[in-house]
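# Examining the three-dimensional arrangement
One letter stands for each residue in the lines below.
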Amino acid sequence: MPYKDPERKKEWERLHRTERVARRREQRFAESVEQTPRPIADRKLSVGVGFVVPLIAGGALAAWNPKVGIGAGGLTLVVAAVWKKNWAWWLVGCVTLFIALLFYFTDNEKTDSPIGSGAQA
């Protein structure tokens, strides 16, 4: 123990009382600042807009080139699974993949038909 003499310890505590009280007050204030909840209202508003734009862009990409749309939708789902993203990532990936597959198979049905392609039956 640093103070073998209890009287010296009491004397030191009496002389440094104001410093110790000020240090404790600063520590309490720092702890209260760390524990204050951060507002998440701004984040909730940006999630709505931030998830509609990729949804529309994914649908447009799938309509323009279904193979690229399949890749983008699949990649979005892989990213959502690997990095444990929220439900919006899963929804965007699924919708993009679904729209791309829809366009891919409807385009294939149109080109597989021999009518109008000049092929002999």
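Here is what the cut-offs are and how they apply
- Residues numbered from 1 in each chain as written.
- Predicted model: local features only at pLDDT ≥ 70, side-chain atom pairs only at ≥ 80, totals over all residues.
- Heavy atoms only, no water.
- Helix = DSSP H or I, 4+ residues; strand = E, 2+ residues; numbered from the N terminus.
- Buried < 20%, exposed > 50% of the residue type's maximum accessible area, 1.4 Å probe, protein only.
- Contact = heavy atoms within 4.5 Å.
- Areas by Shrake-Rupley, 256 points an atom, 1.4 Å probe, with all protein chains shown as cover.
- Patch = residues over 30% accessible without salt bridge, like charges linked within 9 Å, V, L, I, M, F, W, Y side chains within 5 Å.
- Salt bridge = Lys/Arg side-chain N within 4 Å of Asp/Glu carboxyl O.
- Expected span 1.5 Å × (residues − 1).
- Phe/Tyr/Trp six-rings, centres within 6.5 Å; stacked < 30°, edge-to-face > 60°.
- Polar contact = N/O pair within 3.5 Å; in protein donor to acceptor, adjacent residues only side chain to side chain.
- Lys, Arg positive; Asp, Glu negative; His and termini not counted.
- Charge placed at Lys NZ, Arg CZ, Asp CG, Glu CD.

## A look at the overall build of the chain
Regarding its fold elements, the chain presents 5 helices and 0 strands. Going from N to C terminus, the chain has its helices and strands arranged as α-α-α-α-α. Looking at the chain residue by residue over its 121 residues, the buried ones come to 13%. Residue pairs in contact within the chain that sit at least 24 positions apart in sequence constitute 53% of those at least 6 positions apart. Here the chain displays about 10100 Å² of accessible surface, and carbon together with sulfur accounts for 63% of that area.

## Considering a nonpolar patch on the surface
Residues Val78, Val82 and Trp83 make up a contiguous nonpolar surface patch of roughly 350 Å² in combined accessible area. When you line up the elements, Val82 lands in helix α4 (residues 66-82).

## Details of α4
Counted at 1.5 Å a residue, the expected span for α4 with its 17 residues is 24 Å, and the 24 Å between its end C-alpha atoms agrees. Positive backbone phi, approximately 55°, marks Lys84, located one or two places after α4.

## Digging into the packing of aromatic side chains
Aromatic ring pairs: the centre-centre distance and the angle between the two ring planes describe each pair. For the coordinates displayed, the defined rule picks out 1 aromatic pair. Centroid distance Tyr104 to Phe105: 5.4 Å. Interplanar angle 75°. Geometry classified as edge-to-face. Given the relative accessible area of 25%, Tyr104 is considered partly exposed. Here Phe105 falls in the partly exposed class, since its relative accessible area comes to 48%.

## A look at the side chain of Thr76
As for its position among the elements, Thr76 is in helix α4. Polar side-chain contacts of Thr76 include one of 2.7 Å to the backbone oxygen of Ala72. Aside from chain neighbours lying at most four places away, what touches Thr76 is Trp89, Val92 and Gly93.

## Some thoughts on the pattern of salt bridges
Tallied over the full model, the rule gives 1 salt bridge. Between Glu11 and Arg14 there is a salt bridge; the shortest N-O distance is 2.5 Å. Of the two residues, Glu11 and Arg14 are both situated in helix α1 (residues 6-15); the distance of 3 residues between them amounts to about one turn of the helix. Assessed through its relative accessible area of 36%, Glu11 is described here as partly exposed.

## Overview of a positive patch on the surface
On the surface, Arg17, Arg23, Arg24, Arg25 and Arg28 cluster together into a patch of positive charge. Since its relative accessible area comes to 53%, Arg17 is described here as exposed.

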